[in-house]
Structures are given as C-alpha cells and as structure tokens.
Amino acid sequence: MTTDRPPMGLRVPRKILTNDLVSGLVMAIITVPGALANGLLAGVNPVFGVYSVIAGTTMAAVFTSSVIMNVDSTSATAIGTGDFLGAYSSGEQLGYLVVLGILVGLFMLLFGILKLGFLVRFISNAVMTGFLSGLGVLTILGQTADITGYSSDAPNRVFQFIDTIIHWQEINFATLAAGLLTIVLIVLLSRTKLERYGFAIALGITTLLVLLVPIFDSLVLVGDTTEIPRGLPRPHFPNLSLVPAMILPALTLAIIALVQAAGVSGSVPNPDGEYPDPSGDFRGQGAGNVATGFFGGIPVGGSLSGTALIQSVGGLSRWANIFTGLFSLVILMLFGQVIEILPLSALAGLLVVVGFGMIKVGRIETVWNTGPVPAVVTAITFVATLFLPLQYAVGLGVILTIVVHAFQSAERVRIERIMMDEDGSFYETEVPDELSSEEIMTLMPIGSLFFAGAAEFEEELPDVGDAHRSVVIITLRDRDEIGSTFVRVLKRYAEELLAQGNKLMLAGMNDQVLSQLERTGIVDLIGEESVFPGEALYGASLEATMAEAQEWIDSESQKALD
C-alpha cells in the first residue's frame, strides 16, 4: 500500500527535502532572536543560546524517536542554567557550562537506555502546572534589571522586582521605553498574519529606533556587555575537576527538560500515525545535549512550542530541524556584528512575552476547578519555584507527587467493557484494541483515576481509528472525585471521537463528579444530553445511557442513508 506520509528516517524524497530546506531557513530566522534571549536569561554570553540551536537542535533531530520534535534551549533550562552558574564569574562560566551540558546529556542517555520514559507519567499535572507557572513568573521578573536599567542587590528575583518598584526614581526610562515598545510590537504582530515572525520583526524595529533616535543613546547593547565570537563555534573539552559540582544541577535540568518534552512525545504523532517512544526521545535529547555541551551551549530539551512552530512553517521530516541548526550557524557567521547592536532591553522585552506565554491560564483553571488537593499542590510548587533553588523546587514537586500518588493512586487501573445480555443483565468482557463503526462501547475503569492512573487509563482506551457513528460510554459510578489529569484525558478522547463523527457519553457519576465535569468544561464539550447522573437503582443510569446511545446511532445512520 502506498502512502504520502513522510519517511521516519533521514532518507526522504527530494520534494520533502526541498520543502524542509525552506522551512529550516524560516525557522532559523524566527529562532535566533529567542535563542539570544535565552542566553541572556541564563546570564551568559547570548550567543551561547544560538550554539544550543546549532549543536543541540541539529544533533537531536537525527536521533529522537519523534520525527518532528524541536529540541532547543527553553526558558526552563535557561533559568536553571542561570541559577546553577550564578555563583561563578563570567570567566569561569564557560568551563562549568561545558560540563553541565555534557552531564545533562549523559543523564538523558542513561534514562533512555534504561527505558525510563514511562516515569514521566508520575509527575502530576498539578505539580507541572505550578512549576511551569513559577518559571514563567521568574522569566518575567528576571528581566527587571535589563528592562529598567536599575540593578537591585536583593537576593531573589521577587525581591529584586519589589526593590525596583521602591526605587522607581532610578529607572532609566529610555531603557524602559525600548523594552515596552518591543513587548507592544510583539503583541500587536501576534494578531496579524506576521505572528510567527513577531519576535524578529519587533526586535529589528526597536533596534533601528535605538540606533536612529538620540534619546536612546544611553541604552546598553549586547556588544557593550560581551563580545560575539566570529567564525565557527569552537569545541571545548570538559574539565573533569568540575564534574562533582555539576552532577546535581545536571540531574535537575535533565528531569526538567525531559518532563517538558513528554508533552511533545504524548501529543505529537509521527508521520506513521504512531506516538513516539518517550525513552527514544530521551536518548535523542541526550545526544543533543552532549553536542551542545562540547560547544558551550545552554542545555536543551524538547519544546512543545518549538515543535508547533516547526510544523506551522511546513516542516515534514527530521531535516526541518537539521536545517534550522545549520541556517542558525550561517546567520551567526554572517550577522555577528548585527547581534552586537541589539539592545538588551529589547531582548528582555522579548523574554517578558515568553514568560507570560508560559503561564497557561486555562491549565491553571482546570487544576483549580478539579478540587482542593491538586490546587494546593500547584500552589505549593509555584511558591517553591519562586523562592527556592530550582533543584529543591523540583525535589519538593517529586515528593508531593509521591505523597499524593501513595494516597490516591495505590492501585493500577484496568478497563472492563460492559455488555448487556438479551435478558437485560450486564456482564464484563475485554476491551478491544480499536473502536468499530456504529457500535456502543461501554467502559468501566477499575482503580484510581488520578494522574498516574489516568495515564494508564488513556493507554487502555480503544483507538478511534476510522470508526464513525459510534458511541463510547464511560461509567463513573462509585467515583467520589476525579483528578485534573483524568479531566485532560477525557477532553482529548472526546475531541478525538467528535473529530471522526462519534460521541462520548458519561454515566453514573455522583453530584461531586458531575460538578467537576461542569466546572472543567467537559459537559459543555460533549453536551448535557450525553451526561447521565447516577440513580439509586444500580445499572439504571447505564441502561438509560445505552438506550440513548442506540437512538443516536440509529438517527445518524438514517441521516447517512438519506
């Protein structure tokens, strides 16, 4: 059977290669400003962020199980790098950065070789929501000095921001104006067809104004703080004496990056329609980080936003990310002098926008509306991220995950299919691998449906495949409440069913679960007519749901015939 799907490996037709050549060029133009900003966020030479794209993105693209995953320095890895290198002088930072990147890569390779990809499911949605939201706030607050021109001596980014507000008279308003202009331009461009080029265009306009308007003469430029190397990046060999100091930071960054990347592995299928192996993605990111470390780049990880971007510019195969890295090298070699005239406040403004983008309001609302336990876990992780070193915040998040898992996810989940005999009695049977057209599939989950259990439940659900005009019924009888991760599973499965002309129905839930389903938008998604609360008579709700499902199938089938 022939297929138009792009190949999984590096051997691709010339048409796809040409397409990805163009996509890589566009992606590089978009990516380089963000890479420079990540270097600034990490507190190192901004060009080190570009080295991450040149070495890390290119190498990882060859080895990840995910064909289109974009691997790059992220705000999370940049903030972590800055925290870990902050105690060292600028002259020492490169040596530690080389060791840090290589160690991060080796940890990732080890996790991949040991096939530990399944462990990411044990980091709860509540913990990750609090952690990523905290990183978003830290990203914003970390730009206070560069965007205001006032450098505070306070010991924490939160306190530095407060101190800046107190000493507002010392703010350089020309610097602030350039930063705010960059933010406004990005926001305005995001509402136009030029959205994907917003960062590059905004940075270019602000830079031109700074060079042409005398009021901006006092602004600090990239070239005032560091020298952008000319020519090809030089490899560096690690100083083994620095390894002990970087083991814990490297392990922390590896965990942060891999958990973020799990969002790509679990949501972006490969061209063959299958989802990539997380452990294989671990190994690919490991190879990317080893390469990044040897060239002094910031540690990298799979980026959900970067992956979405490479797809939006037309990337079809691994070559799209490979060309992104190669064209980033060309841009660095040809336009190194241009990079030196970029205003630091403009790069800071770019990072402020990135920080706000990391705070997913919808995700926070979902956790908050799910119940008090995930809301408290999110809040604790968020505060810890703001005020504790990242390795401690991550450690606390893992401990919270273990504690919650021990209490709420003590048993494994399985799914049974509920069938009805001719005499109206119910019996259980195995769940098929795939849904068939015009059938009723009634499913009963057994075990905990909190975060780890929800992930297992999702894996056991029958594939929708090519089925149409079918109804999947999930009975939630005897459930006192459901977790936010399970809510996300329901949303994804319902959307997948609806996309194929099928339907999801829910039966047997109590008032507490029904309230959660209403607050989190599940009821709105599948329709009130698809929700059947529990009744005192056991099986009455399920029987009514199955009857309604059969009527819907009969109606849709008749429409198809007409």
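A brief look at the structure comes next. (Residues numbered from 1 in each chain as written. Predicted model: local features only at pLDDT ≥ 70, side-chain atom pairs only at ≥ 80, totals over all residues. Heavy atoms only, no water.)

### Topic: helix α21 (residues 484–499)
Helical periodicity: at 3.6 residues per turn, an α-helix aligns residues three or four positions apart in one direction. Along its 16 residues, α21 runs 23 Å from first to last C-alpha, staying within 8% of the 22 Å computed at 1.5 Å per residue. Along α21, the residues that are buried comprise S484, T485, F486, V487, V489, L490, Y493, A494 and L497. Of the residues trailing α21, G501 is marked for its positive phi of about 80°. (Helix = DSSP H or I, 4+ residues; strand = E, 2+ residues; numbered from the N terminus. Expected span 1.5 Å × (residues − 1). Buried < 20%, exposed > 50% of the residue type's maximum accessible area, 1.4 Å probe, protein only.)

### Remarks on the packing of helix α17 (residues 361–370) against helix α18 (residues 372–387)
A packed helix pair is summarised by two numbers, namely the angle formed by the two axes and the spacing between the axes. Packing of α17 against α18 leaves a shortest axis separation of 5 Å and a crossing angle of 135°. Between α17 and α18, the angle is such that the two are oblique. Contact with α17, carried on its side by V367, W368 and T370, involves P374, A375 and T378 of α18 and no other residues of that element. When the residues that make up the contact of α17 with α18 are grouped by side-chain class, the tally is 4 nonpolar, 2 polar and no charged. (Axes fitted to C-alpha atoms, helices over the stretch in contact; angles between N-to-C directions. Parallel < 35°, antiparallel > 145°, perpendicular 65-115°, else oblique. Contact = heavy atoms within 4.5 Å. Nonpolar A, V, L, I, M, F, W, Y, C, P; charged D, E, K, R; others polar.)

### Looking at the sheet that holds strand β6 (residues 471–475)
Pairing in this open sheet of 6 strands is mixed, and the strands run β4-β3-β5-β6-β7-β8 from one edge to the other. Each edge of the open sheet carries a strand with a single partner, namely β4 (426–429) and β8 (531–532). Direction of pairing for strand β7 (residues 503–507) relative to β8: parallel, over a ladder of 2 bridges. Residue pairing across strands places A507 opposite F532, the latter belonging to β8. Across the sheet, α21 touches β6 and β7, and the angle it forms with β7 is around 140°. (Pairing = 2+ DSSP bridges.)

### Side note on helix α3 (residues 75–85)
Most of α3 is tucked away, with 10 of its 11 residues classed as buried. Those residues of α3 not exposed but buried are S75, A76, T77, A78, I79, G80, T81, G82, F84 and L85.

### Quick word on the side chain of D163
One can find D163 in helix α7 (residues 157–166). Buried and unpaired, D163 has R157 as its nearest opposite-charge partner, separated by 14 Å. Looking at D163, its side chain comes within polar contact range of the side chain of S152, at 2.7 Å. Discounting chain neighbours no more than four positions away, the residues touching D163 are Y150, S152 and D153. (Lys, Arg positive; Asp, Glu negative; His and termini not counted. Salt bridge = Lys/Arg side-chain N within 4 Å of Asp/Glu carboxyl O. Polar contact = N/O pair within 3.5 Å; in protein donor to acceptor, adjacent residues only side chain to side chain.)

### A closer look at unusual backbone geometry
Of note in the backbone geometry, K115 takes a positive phi value of approximately 55° without being a glycine. Mapped onto the secondary structure, K115 falls in the loop between α4 (90–113) and α5 (125–141). K115 gets classed as exposed once you look at its relative accessible area, which sits at 53%. Positive phi, close to 55°, is recorded for E438, a residue that is not glycine.

### Things to note about a nonpolar patch on the surface
Among the surface-exposed residues, L208, L211, L212, L232, V330, M333, L334, F335, V338 and I341 lie close enough to one another that they form a single nonpolar patch of about 960 Å² accessible area. Of all elements in the fold, only α9 (198–212) and α14 (318–334) reach the threshold of two or more residues within the nonpolar patch. (Patch = residues over 30% accessible without salt bridge, like charges linked within 9 Å, V, L, I, M, F, W, Y side chains within 5 Å. Areas by Shrake-Rupley, 256 points an atom, 1.4 Å probe, with all protein chains shown as cover.)

### What about the environment of L390?
Mapped onto the secondary structure, L390 falls in helix α19 (residues 390–408). Under the relative-accessibility criterion, L390 is labelled buried at 1%. Each residue touching L390, except ones within four places of it in the same chain, is listed here: I79, G80, D83, F131, L135, T252 and T385.

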